[in-house]
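Coordinate inspection notes
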Amino acid sequence: MMNTRKFLRKIPLFLLTLPVLFFIYFPILWLLSASLSNQVDLFAIPIHWIPLHPTLKNYLDIIFPSLATNSLPRTFAVALLNSIKIASAVTIISIVIGSMAAYALARIPFRFSKAILLGIIATRMIPEVS
């Protein structure tokens, strides 16, 4: 009897989370659906939420850009490579500078070092705004 009451109290909370989950995951599902659609299905009116003729051609064009009929997959490969280079460089620089700063904060005693460490920890606890 007690478990049934607990369950019934949780149903409204569950029903409130459904629109939030839909809001979060719908763009991802739409992106997947659009990636499997051909151009005709993608621009059809009324909208086809599920592609009528799903195809993997878009993925094959990106993996093998020489077979593509237009230049978009080739530019995508170049843009992806540039993004990987920039992300790798920024990550390496951040790790080097951050580790040196962390070592200095942990090993070298100076005025307000504990306050700075507590400030860093406190800012890490604040959830990010997205």
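Everything here concerns the structure above.
From a predicted model like this one, the values you see are computed outputs, not experimental measurements.

Topic: the packing of aromatic side chains
Applying the stated criterion to the full structure yields three aromatic pairs. Feature note: the residues Phe22, Phe26, Trp30 and Trp49 constitute an aromatic cluster, connected by ring pairs.

A short note on the side chain of Ser33
Inspection of the secondary structure puts Ser33 in helix 1 (residues 2-35). We classify Ser33 as buried; its relative accessible area is 10%. A distance of 2.8 Å separates the side chain of Ser33 from the backbone oxygen of Trp49, its partner in a polar contact. Look past the residues within four positions of Ser33 in its chain and what remains in contact with it is Trp49, Ile50 and Pro51.

Description of the environment of Phe76
Tracing the backbone through its elements, the reader meets Phe76 in helix 4 (residues 72-107). Exposure remark for Phe76: the relative accessible area of 39% places this residue in the partly exposed category. On a C-alpha basis, the gap between Phe76 and Glu128 in space is 30 Å, while along the polypeptide they are 52 residues apart.

Regarding a positive patch on the surface
A surface patch of positive charge is lined by Arg5, Lys6, Arg9 and Lys10. Its location among the elements puts Lys6 in helix 1.

Rules of the game
- Residues numbered from 1 in each chain as written.
- Predicted model: local features only at pLDDT ≥ 70, side-chain atom pairs only at ≥ 80, totals over all residues.
- Heavy atoms only, no water.
- Phe/Tyr/Trp six-rings, centres within 6.5 Å; stacked < 30°, edge-to-face > 60°.
- Helix = DSSP H or I, 4+ residues; strand = E, 2+ residues; numbered from the N terminus.
- Buried < 20%, exposed > 50% of the residue type's maximum accessible area, 1.4 Å probe, protein only.
- Polar contact = N/O pair within 3.5 Å; in protein donor to acceptor, adjacent residues only side chain to side chain.
- Contact = heavy atoms within 4.5 Å.
- Patch = residues over 30% accessible without salt bridge, like charges linked within 9 Å, V, L, I, M, F, W, Y side chains within 5 Å.
- Areas by Shrake-Rupley, 256 points an atom, 1.4 Å probe, with all protein chains shown as cover.
- Salt bridge = Lys/Arg side-chain N within 4 Å of Asp/Glu carboxyl O.
- Lys, Arg positive; Asp, Glu negative; His and termini not counted.
- Charge placed at Lys NZ, Arg CZ, Asp CG, Glu CD.

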